[in-house]
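One letter stands for each residue in the lines below.
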Amino acid sequence: STIDSDFSVSPSKPAPRREPLRISPSHANRSTEPSLATLGECNSVSDVPLGGLLARATDLAENIEPPRPLRLQSTDPAHLSDTSAVNSTAAAKATSSTSPLDRQLSGEFPPLTAATEAPVSEPAPTPTEKSFISSEKEPRIEVRLTSIINLRKELQRHAHTELTQILSEHTFVGFVDNRRALIQHQTRLYMVDYCKVSYHLMYHRCLFDFMNYGRLVLQPPPSIYDLALVAAAEMGSENPEKCAREVHTRFCDSREMLEEYFHMKVSDIGTIDTLPMVIRDYSPDYDKLPLFFFNATYSVNWDDEQQFFKAFANVLATLYTLEPPLPSDPPSATEEYRLVVEHRIMPSLKGSSFWAPNNLLTENALVKLVDLPDLYRIFERC
C-alpha cells in the first residue's frame, strides 16, 4: 500500500476518514499542578465531565480545512541554471560533540514501520524489511557558513515566544484524528495540527543540524533518473525524458556538496544511496521522493548560496513532513503512524530545540480549547 500525500506522484486519492475522539485517561498529567485530570476519575471518554469540550474539539477537526497541496509554479525546465552548484569547499570545523547515530534501511520504498535495533548476531534483513543499525559516533561539526548562520537568525527573529513555550513544555493527551491531537500546557488544553507543525520542525532541524544529520541508507538504492521521470510525467512535462536527464545531471554534478552538507550520497551511476536522518529513527514517505528531486532541481536557486540553502531546506522539509495513512490502509499502519507521532515527532518539539514560528497562528495549527479557571467559574454557577 501507499501513503496518501499531497506531494505524491500517484493519482489523487480521497482524503483520510475522520476518526472519533479516543483519549485514554493514562495520558492525563499526573503532576501536582492543577490539570484537567483532577476534575474526576474517568474510566472512559463518556465519563469525562467535559462532553461539550470534546464535541467542540471534534467539530473543529471536521471544519478546519486541510492544507493545500504544494505544486510547482512552473514545470518549464528552461530556467534551470547552467552554472555550477554551490561551492562545497567552504568546510566547517569540528568540535567535541556527537551527531545522531547512523542508520540503515532495507527495502525499496518500504512502508513506514516501527524502528528497532537489530542484534549483530541476527541474519541480514530481507529486501522488504527495514532495520536500524548503530554505527560509531562521529564528531559534531561546528557550522561557520554565514548563509546558514543568517538563516538560523531569521528563524529566531520570527519565533513566537508563547507558542514556543507551549510546545516546549506540553503534555501529550491523545489523538483527535490522524492530523490533530490534544495537548495540555499548564491549565490549558489545546488542539494541535501536528502535520502542519511537523513541516516547521523539519525545516528547523534542516538548518540547526546542518552537516550533522544521521544517515538513512537505502537498499537497493533507487535511480534518480527513474524517480525524476515519474515526477516529470505526473507534472505534465512535454518532454519527461529531458527533464529526467536534467535532474540526474544536477544531482550527479552536485554530489560532493550534497554529501558534505546534507549527508545525501549520490553514486557515480546516479542512484541515491543515503538520505539525511532529520529526526532520530524517523524516515520520510518514500512516495514523495520523485517530486522531491523534481522540485529540488527546478524550484531551487542553485546560484546563490543563502537562497539555495533556504529553498533546499524547504524542499527537504516537505519530503519529511508527516503524511497521514489512507483509510484503505490496514489498522496496523495507523497504529505505527501514531506511534511515530507520539514518540518521535511530539517529543522533538520539547526542550529548547524548536522555535515555533508565527506562521503557526495564521495556519490555525494550534487552537486553545479551554482554560481550567474558566471551567471552575462555570462549575461554581451550577
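Further up the page is the structure itself.
Since the model is a prediction, treat every value here as computed from it, not as a measurement.

K.L.:
Help me out: how do you make sense of the environment of V278 in this one?
P.N.:
By the secondary structure assignment, V278 is in the loop between β8 (274-277) and α8 (289-298). Placed 76 residues apart in sequence, V278 and M202 show a C-alpha to C-alpha distance of 6.8 Å. Discounting chain neighbours no more than four positions away, the residues touching V278 are M202, R205, C206, D209 and Y320.

K.L.:
Help me understand the side chain of E323, please; the structure alone is not making it clear to me.
P.N.:
With respect to the secondary-structure elements, E323 resides in the loop between α9 (305-320) and α10 (331-348). One polar contact links E323 to K288, side chain to side chain, over a distance of 3.1 Å.

K.L.:
Can you walk me through the nonpolar core in this structure?
P.N.:
Buried together is how nonpolar side chains tend to be arranged in soluble globular proteins. Core analysis: the largest hydrophobic core is formed by 82 residues, its most contacted members being F210, F262, M264 and F312. Examining the composition of this core, we find that 10 residues originate from one element, α9, more than from any other. Not counting the four nearest positions on each side in its chain, F210 is found in contact with V143, L145, I148, R152, R205, Y261, F262 and F309. Counting residues in each nonpolar core, the second largest holds 8 residues, with V173, M191, V367 and L369 among its members.

K.L.:
When you look at the packing of helix α7 (residues 255-262) against α9 in this model, what are you seeing that I'm missing?
P.N.:
When two helices pack together, their arrangement is given by the angle between their axes and by how far apart the axes lie. The N-to-C vectors of α7 and α9 enclose an angle of 70°; their axes lie 14 Å apart at closest approach. With respect to α9, the axis of α7 lies roughly perpendicular. Of α9, the residues touching α7 (which contributes M257, L258, Y261 and F262) are F308, F309, F312 and L316. Classifying every residue of the contact of α7 with α9 gives 8 nonpolar, no polar and no charged.

What counts and what doesn't
- Residues numbered from 1 in each chain as written.
- Predicted model: local features only at pLDDT ≥ 70, side-chain atom pairs only at ≥ 80, totals over all residues.
- Heavy atoms only, no water.
- Helix = DSSP H or I, 4+ residues; strand = E, 2+ residues; numbered from the N terminus.
- Contact = heavy atoms within 4.5 Å.
- Polar contact = N/O pair within 3.5 Å; in protein donor to acceptor, adjacent residues only side chain to side chain.
- Core = buried A, V, L, I, M, F, W, Y, C linked by side-chain atoms within 4.5 Å.
- Buried < 20%, exposed > 50% of the residue type's maximum accessible area, 1.4 Å probe, protein only.
- Axes fitted to C-alpha atoms, helices over the stretch in contact; angles between N-to-C directions.
- Parallel < 35°, antiparallel > 145°, perpendicular 65-115°, else oblique.
- Nonpolar A, V, L, I, M, F, W, Y, C, P; charged D, E, K, R; others polar.

By themselves these figures say nothing about function.
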